[in-house]
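Now for the letters of each chain:
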Amino acid sequence: SGNFIPMAVTRRDYQKTKKYLMGFLETKKALLTERVKSGYVLPIHGDFHSRNIFIENGIVYAIDRSLRKNMRVSDIIKDAAYFAVDLEMFGFEKQKRIFLNTYRSLVEDEYFMQLLPFYMCRRALVAAMSNLFEESVERIKAYFDIAYKYATNSLL
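Residues numbered from 1 in each chain as written. Predicted model: local features only at pLDDT ≥ 70, side-chain atom pairs only at ≥ 80, totals over all residues. Heavy atoms only, no water.

## Things to note about the confidence of the model for the protein chain
Item 1. Residues with a pLDDT of 70 or more make up 84% of the protein chain, whose mean pLDDT is 83.
Item 2. Averaged over each element, pLDDT in the protein chain is lowest for helix H3 (residues 69–72) (63) and highest for helix H5 (residues 93–106) (93). (pLDDT = per-residue confidence, 0-100. Helix = DSSP H or I, 4+ residues; strand = E, 2+ residues; numbered from the N terminus.)

Shown next, in the form of structure tokens:
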């Protein structure tokens, strides 16, 4: 839809971000289908961000996993992207790079760097839209800015 928040994002930037996401889905359809066949689309956490992660006695716990199967089956990069956007959103750029580099070293995925900007853009846009009534305009704007950044520049 044409929904956007004038205080948080311009219509042009919002449309450009949506165009990038839709274009990616259209042009990478074969790759995304291949990801399913190659085993990269699995049950994932689906809501992997800092509010759902805690450490106790040196053990990392991830909570709040969706119980609905259709809500949590996705490309494994989605959870990595969600957490990376969260780190970026709260100013932990160095930790974001460490997290993504560690992830890349542990998961063999030749398309990781090609897919990550798409999933980060999507995650940031969804976060902006889904938090419209819960967050400040500044926070919504920051999510839109992150989405726009990944829509217009694939560099991480």
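## Digging into the pattern of salt bridges
Item 1. The final tally for this structure, using the stated rule, is eight salt bridges.
Item 2. Note that Glu 88 is salt-bridged to Lys 96, the shortest N-O span being 2.9 Å. By the burial criterion, Glu 88 is buried, and Lys 96 matches it.
Item 3. The salt bridge involving Glu 93 is made with Arg 97; its shortest N-O contact spans 4.0 Å. Placement of both Glu 93 and Arg 97 in helix H5 is noted, with a separation of four residues, approximately one turn of the helix.
Item 4. Judged by its relative accessible area of 29%, Glu 93 is partly exposed.
Item 5. Here Arg 97 falls in the partly exposed class, since its relative accessible area comes to 43%. (Salt bridge = Lys/Arg side-chain N within 4 Å of Asp/Glu carboxyl O. Buried < 20%, exposed > 50% of the residue type's maximum accessible area, 1.4 Å probe, protein only.)

## Comments concerning the packing of helix H4 (residues 77–89) against helix H7 (residues 137–152)
Item 1. Look at H4 against H7: their axes get within 11 Å of each other, and the N-to-C directions meet at 120 degrees. It follows that H4 is oblique to H7 by the angle criterion. In this structure, H4 crosses over H7, and the sense of that crossing is right-handed. Along its contact with H4, which presents Val 85, Asp 86, Glu 88 and Met 89, the element H7 presents Arg 139, Ala 142, Tyr 143, Ile 146, Lys 149 and Tyr 150.
Item 2. Partitioning the contact of H4 with H7 into residue classes produces six nonpolar, no polar and four charged. (Axes fitted to C-alpha atoms, helices over the stretch in contact; angles between N-to-C directions. Parallel < 35°, antiparallel > 145°, perpendicular 65-115°, else oblique. Left-handed = near helix turned anticlockwise from the far one by under 90°. Contact = heavy atoms within 4.5 Å. Nonpolar A, V, L, I, M, F, W, Y, C, P; charged D, E, K, R; others polar.)

## Focus: the packing of helix H6 (residues 112–130) against H7
Item 1. Between H6 and H7, the least distance of the axes is 8 Å, while the angle of their chain directions is 160 degrees. Judged on the interaxial angle alone, H7 and H6 are roughly antiparallel. Seen along the crossing, H6 lies across H7 with a hand that is left-handed. For the pair formed by H6 and H7, the contact residues are Pro 117, Met 120, Cys 121, Ala 124, Leu 125, Ala 127, Ala 128 and Met 129 on the first element and Ile 140, Tyr 143, Phe 144, Ile 146, Ala 147, Tyr 150 and Ala 151 on the second.
Item 2. Per-class residue counts for the contact of H6 with H7 are 15 nonpolar, no polar and no charged.

## Points about helix H2 (residues 29–37)
Item 1. Among the residues of H2, Leu 31, Leu 32 and Arg 35 are the ones counted as buried. With its buried residues spanning 100 degrees around the axis, H2 presents them on a single face. More than 90 degrees from the buried face of H2, the exposed residues found are Lys 29, Ala 30, Val 36 and Lys 37.
Item 2. Where H2 ends, the next residue or the one after it, Gly 39, has phi of about 90 degrees, a positive value. (Arc of directions from axis to C-beta.)

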